[in-house]
Amino acid sequence: MSESSQSEGQRSRRVEDCRGDFEEVSRLIERSWAENTQQPLLYPADFLSSCFEYPGAGFSLAPSIYSGSTPLAFAAAFPRRVLVKGRELNVVIITFLTVAIELKKRGYGILLWSELVKRAQAAGFDGMVNYCADGESMNSMILGCCQMLQLPTVLAYTIPYWSRILQARMVENTEAEPSADVAERFLGLTGPIAKQTPLARLWSRKEAEWQCQRRFGSLVAESESGSRRGMLVGYIMPIANASRTKCLIVEDVLWGDLEPQERDRLAKVLLDRAASAGVQMAVVPRLGYADLAPFHTARFRPSQRVLHMYLTVWNGEPCTEALSSVYLDVF
């Protein structure tokens, strides 16, 4: 290879901001993650674009490596405001760390992840959350990199999942779609969780509107019985299999002050609405902040999927022990 060709190759593989080419990034993720031991979700361009519409998100927290116009590696971090044992922190969730198959085990993943951590620190965030599937090599990479960078990191929570198969069908009387002021009701239901959960997500009005109304595949079910209210919020994603099976991820379990039988009915409303949208599988992470008995009644059972949540706090007192429960999105 000539000296000019080597120079061109080096320039084309420097770390830069994501260019917003979500179709290409989606294909990169699908090809790379096909080698994972667990069946991954498919992350279509519309979903990725929706993630970057979240308030405060931006390409400066999405370092990427390109060869010409082709993305070879990608990672992203999304801002979250959380309350950790009474202390309010601004953290990022690091996700979508992806390297092209032909470049794996060459250090690109570590390079990109380390760059993302530096960017998050420079932007003033207090810490980060990393999720890793049980049994994947990412677990040792995250812990090793945090140790190398002298970042205090703890395995804060291990997240098992429940799931069930749905029969995609048209269902009558699935109740009305949520009204325009759903974000206000959402905020009212999430507020009490922070008072009783060691790590709990805090919401702004704009974030709640994104969660309930503007995110890709959003699905909301509500229940009102006199003064009692409850809400379930999730989103629909395809699985990266040949049939592109639609999957419902239940994200916010907000029973409010509903009675047990009312919670059961609310779970049924959500699943009926999902079935009407063609969903064939539904999953819910067990995070400990909400009673999942209504999902057991709805025939959810433990699945093989398990994630580990690593919490790093670099600004102020670090978290040094596992948490009893968590209210935070998992992806």
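Residues numbered from 1 in each chain as written. Predicted model: local features only at pLDDT ≥ 70, side-chain atom pairs only at ≥ 80, totals over all residues. Heavy atoms only, no water.

Asks: Describe the pattern of salt bridges, with residues and values.
Replies: Using the criterion set out here, one finds 20 salt bridges in the structure. The shortest N-O distance in the salt bridge between Arg 27 and Glu 24 comes to 2.7 Å. One end of the pair, Arg 27, and the other, Glu 24, are both in helix H2 (residues 22-33), 3 residues apart, so they sit about a helical turn from each other. Notably, a salt bridge pairs Glu 35 with Lys 104, separated by 3.0 Å at the nearest N-O pair. A residue pair is termed long-range when its members are at least 10 positions apart, and Glu 35 in the loop between H2 and helix H3 (45-51) and Lys 104 in the loop between strand S4 (87-99) and helix H4 (108-122) qualify at 69 residues. What emerges from the salt-bridge pattern is a single network uniting Asp 17, Glu 115 and Arg 119. (Salt bridge = Lys/Arg side-chain N within 4 Å of Asp/Glu carboxyl O. Helix = DSSP H or I, 4+ residues; strand = E, 2+ residues; numbered from the N terminus.)

Asks: Account for the packing of aromatic side chains, naming residues and giving values.
Replies: With the rule as written, the count across this model stands at 19 aromatic pairs. When the centroid spacing of 5.5 Å and the interplanar angle of 50° are considered together, the rings of Tyr 43 and Phe 47 count as tilted. There is no split in this pair, since Tyr 43 and Phe 47 are both buried. Members of the aromatic cluster, each reached through a chain of ring pairs, are Phe 22, Trp 33, Tyr 43, Phe 47, Phe 52, Phe 59, Phe 74, Phe 78, Phe 96, Phe 216, Tyr 235 and Phe 331. A cation over an aromatic ring shows up here: Arg 80 above the ring of Tyr 54, its NZ or CZ 4.3 Å from the ring centre. One Lys or Arg, Arg 215, reaches over the ring of Tyr 235 and ends 4.0 Å from the middle of that ring. (Phe/Tyr/Trp six-rings, centres within 6.5 Å; stacked < 30°, edge-to-face > 60°. Buried < 20%, exposed > 50% of the residue type's maximum accessible area, 1.4 Å probe, protein only. Lys NZ or Arg CZ within 6 Å of the ring centre and 35° of its normal.)

Asks: Explain the pairing of strand S8 (residues 218-225) residue by residue, including any values.
Replies: For S8 and strand S9 (residues 228-238), the ladder comprises 8 bridges, and the chain directions are antiparallel. Counted as the bridge partner of Val 220 is Val 233 from S9. Between the antiparallel neighbours S8 and S9 lie 2 residues, among them Gly 226 with a positive phi of about 65°. (Pairing = 2+ DSSP bridges.)

Asks: Tell me about helix H8 (residues 260-276), and name the residues and values.
Replies: A rise of 1.5 Å per residue sets the reference length of H8, with its 17 residues, at 24 Å; its end C-alpha atoms lie 25 Å apart and thus fit the reference within 8%. Residues Glu 262, Arg 263, Leu 266, Ala 267, Val 269, Leu 270, Leu 271, Asp 272, Arg 273, Ala 274 and Ala 275 constitute the buried set of H8. The inward-facing, buried residues of H8 contact strand S6 (153-165), S8, S9, strand S10 (246-254), strand S11 (281-285) and helix H9 (293-297). At the C-terminal side of H8, Gly 278 shows a positive phi close to 90°. (Expected span 1.5 Å × (residues − 1). Contact = heavy atoms within 4.5 Å.)

Asks: A description of unusual backbone geometry should follow, citing residues and the corresponding values.
Replies: Unusually for a residue other than glycine, Lys 105 sits at a positive phi of about 65°. With respect to the helices, strands and loops of the structure, Lys 105 is situated in the loop between S4 and H4. Residue Lys 105 is classed as exposed on the basis of its relative accessible area, which comes to 89%. Non-glycine residue Gln 150 carries a positive phi angle of around 55°. Structurally, the position occupied by Gln 150 is in the loop between helix H5 (138-148) and S6. Assessed through its relative accessible area of 72%, Gln 150 is described here as exposed.

That's the geometry; what it means functionally is another story.
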